[in-house]
Amino acid sequence: MSATITFLGGADTVTGSKYLIEHNHQRLLVDCGLFQGYKQLRLRNWNPLPVVPGDIQAVVLTHAHLDHSGYLPLLVKNGFRGRVHATTGTCDLASILLPDSGHIQEEDAFFANRHGFSKHAPALPLYTKQEAIHSLKQLHAEKQGQWFEPIRGWKARFQPAGHILGAASLLLDVGGRRILFSGDLGRPDDPLMNPPEPPPQADTVLIESTYGDRQHPKEKLFEELGPLLHKLAARGGVAVVPVFAVGRAQAVLHTIAQLKAAGQIAKGLPIFLDSPMAIHTTALFERHPGEHRLSAQEVRNMDHVATMLETPEQSKSLLHRHGPMVILAASGMATGGRVLHHLMQYAGDHRNMVILTGYQAPGTRGAALASGHSTLRIHAQDVTVRAEVVQIESASAHADANQLMSWLHKMPSAPDQVYVVHGEREGSDMLRQRIEHEIKWRALVPEHGSVWPL
């Protein structure tokens, strides 16, 4: 029986990555992500998978971002009992992200119940913080570059993908076929992370396409962010910066530390990092010195440039401060978390600024802000947006279209098939066309739920 792949997420969309590999009645799930963005996508999180979780033998995670790992507590809750294989960095980050995800879902459900704006009575979280902590017991750390057996007779190997701490591409050897999952690929010139390693030979390739139809600007984050913060400080405003707690928060902190050291912005401009998850992630850079570009001193500078706000009380204390100040808070697309409270407080003042630092998936509040919406729906209220909204283009931790093509070009010879995944339909199809026309490989954008032979 030949192996098959079922696209349970990350197909036709940039979120919810889940790829089910089946061979000889054995099942492996590569990535286990939450759907985010449009409501119809988020509702998929509540639908049962077309496979019984207890019938899956193992899970392998390419990295810890929630659109690749955030469904794991629910999989365990619903009966998955196998090992979850990941790099050491991914295990460390998942130990921060997954409990936080459960906590935020509990908070959101509590808030909805208290204010009566849920259509469900009572509103429930997908999973709780405690259920997320329980799922962490099944994590099993694997070293980059070393073969391991997620299922007897199946071989797998991680290799560095850049992007964030612990992120990896995955080479899977099953039934005499080699399948390469790119995972999320970082940029060769990323200010924090090392570049992704070139791809090994494989029969089938799954390539991400978040930026499949775009190129990053030549401008660096340092050059984009400096003038914005200088202008903000001059008018005494407050900048609300939605950040992904893993990767983006650290890139912005590192850049602000550089800007202050270079005299581009005032050393006294108050910076606040209002995200326990981002605070704990920043500390991990000291524990993984070989996985990023920063020196020990640069890590310390990044850690000390901001006041770290852990508790809700510390977060609320900002309400009593006046600008100028800069508040970095999760989540990066303004889908939940503390950033929503800051947007409610500050979005209505024209002196203030909302700085978007990366990709904003369609259907998110971040995408609405980027599109110039004059109101935002937050906690059943319409919040007027008068603040200046700026989208920075240089902060992405994803490879752009040319960099994705360059990575594929480094494969020793053509694979039998390329599946273009983890992108919006337009971006995925644009990358598919480039693969077919420029390097003459067979490429396909799979549909959600489709099954293909390997």
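Placed above this text is the structure.
Attention here is on the structure that accompanies the text. (Residues numbered from 1 in each chain as written. Predicted model: local features only at pLDDT ≥ 70, side-chain atom pairs only at ≥ 80, totals over all residues. Heavy atoms only, no water.)

**A few points about the environment of V59**
For V59, the position within the fold is in strand β4 (residues 58-60). Accessibility expressed as a relative area gives 0% for V59, which makes it buried. Ignoring any residue separated from it by four or fewer positions in sequence, one finds V59 in contact with L28, L29, C32, L75, F80, R83, V84 and H85. (Helix = DSSP H or I, 4+ residues; strand = E, 2+ residues; numbered from the N terminus. Buried < 20%, exposed > 50% of the residue type's maximum accessible area, 1.4 Å probe, protein only. Contact = heavy atoms within 4.5 Å.)

**What about the pairing of strand β1 (residues 4-9)?**
When you tally the buried positions in β1, you get six out of six residues, the bulk of the element. Bridge count for β1 against strand β21 (residues 451-453) is three bridges, and the pairing is antiparallel. Paired with T6 across the bridge in β21 is V451. Pairing of β1 with strand β2 (residues 18-23) involves five bridges; the strand directions are antiparallel. Residue pairing for β2: I5 is matched across the bridge by I21. (Pairing = 2+ DSSP bridges.)

**Topic: the nonpolar core**
Among the nonpolar cores identified, the biggest contains 75 residues, and L75, L225, I256, V326 and L328 are the most heavily contacted of them. By residue number, the principal contributor to this core is helix α7 (residues 248-261), which donates seven residues. Excluding anything up to four places from it in sequence, L328 contacts V241, V243, A249, V252, L253, I256, I271, F272, L273 and D274. (Core = buried A, V, L, I, M, F, W, Y, C linked by side-chain atoms within 4.5 Å.)

**Some points on the sheet that holds strand β11 (residues 238-242)**
Overall, parallel pairing links the six strands, which are arranged β13-β12-β14-β11-β15-β18 in an open sheet. Here the strands that pair on one side only, and so sit at the sheet edges, are β13 (307-308) and β18 (388-391). As judged from the two bridges shared by strand β12 (residues 271-274) and β13, these two strands associate in the parallel manner. Among the inter-strand pairings, F272 is bridged to a residue of β13, identified as T307. Sheet contacts for helix α11 (residues 339-346): β11, β12, β14 (325-329) and β15 (353-356); angle to β11, the most-contacted strand, approximately 150°. (Axes fitted to C-alpha atoms, helices over the stretch in contact; angles between N-to-C directions.)

**As for the sheet that holds strand β8 (residues 168-174)**
With mixed pairing, the six strands of this open sheet are ordered in space as β7-β8-β9-β10-β19-β20. Each having just a single partner strand, β7 (155-160) and β20 (443-444) make up the two edges of the open sheet. Bridge count between strand β10 (residues 204-208) and strand β19 (residues 417-421): five bridges; the pairing is parallel. Of the residues in β19, the one forming a bridge with E208 is V421. Strands in contact with helix α13 (residues 401-409) are β8, β9 (177-181) and β10; relative to β10, the strand with the most contacts, it is inclined by about 160°. Packing against the sheet, helix α14 (residues 425-438) makes contact with β10, β19 and β20, and its axis sits at approximately 155° to β19.

**Comments concerning the pattern of salt bridges**
For the coordinates displayed, the defined rule picks out 18 salt bridges. With a shortest N-O distance of 2.7 Å, D429 and R432 are connected by a salt bridge. In this pair, D429 and R432 both sit in helix α14, three residues apart, roughly one turn of the helix. By relative accessible area, R432 is classed as buried at 19%. (Salt bridge = Lys/Arg side-chain N within 4 Å of Asp/Glu carboxyl O.)

**Considerations on the packing of aromatic side chains**
Scanning the model with the defined rule gives five aromatic pairs in all. The interplanar angle of 35° and the centroid separation of 6.2 Å between the aromatic rings of Y19 and F181 together place this pair among those described as tilted. In this pair, Y19 is assigned in strand β2 and F181 in strand β9, connecting sequence segments 162 residues apart. Where F148 meets F158, the ring centres are 5.4 Å apart and the plane angle is 35°; that geometry is what we call tilted. You can see F148 sitting in the loop between β6 (139-142) and β7 and its partner F158 sitting in strand β7, a full 10 residues away along the chain. Each member of the aromatic cluster is reached from another via a ring pair, and the members are F7, Y19, F181, Y419 and W452. Between K18 and the ring centre of Y71, over which it is positioned, the NZ or CZ distance is 4.7 Å. Taking the ring centre of W147 as reference, the NZ or CZ of K155 above it sits at 4.7 Å. (Phe/Tyr/Trp six-rings, centres within 6.5 Å; stacked < 30°, edge-to-face > 60°. Lys NZ or Arg CZ within 6 Å of the ring centre and 35° of its normal.)

**Side note on helix α4 (residues 88-115)**
Taking 1.5 Å per residue as the helical rise, α4 with its 28 residues ought to reach 40 Å, and the 41 Å between its terminal C-alpha atoms agrees with that figure. The largest bend in α4 is about 30°, located at A94. (Expected span 1.5 Å × (residues − 1). Bend = angle between axes of the 7 residues up to and from the residue.)

**Concerning a nonpolar patch on the surface**
A contiguous nonpolar surface patch, about 350 Å² in accessible area, is contributed by L43, W46 and L124. The topology assignment puts W46 in the loop between α1 (39-42) and β4. (Patch = residues over 30% accessible without salt bridge, like charges linked within 9 Å, V, L, I, M, F, W, Y side chains within 5 Å. Areas by Shrake-Rupley, 256 points an atom, 1.4 Å probe, with all protein chains shown as cover.)

**Here's the deal with α11**
Residues separated by three or four positions in an α-helix point in the same direction, a consequence of the helix having 3.6 residues per turn. All buried positions along α11 are accounted for by V339, L340, H342, L343 and Y346. In an axial view of α11, the angular spread of the buried residues amounts to 160°, which keeps them on one side of the axis. (Arc of directions from axis to C-beta.)

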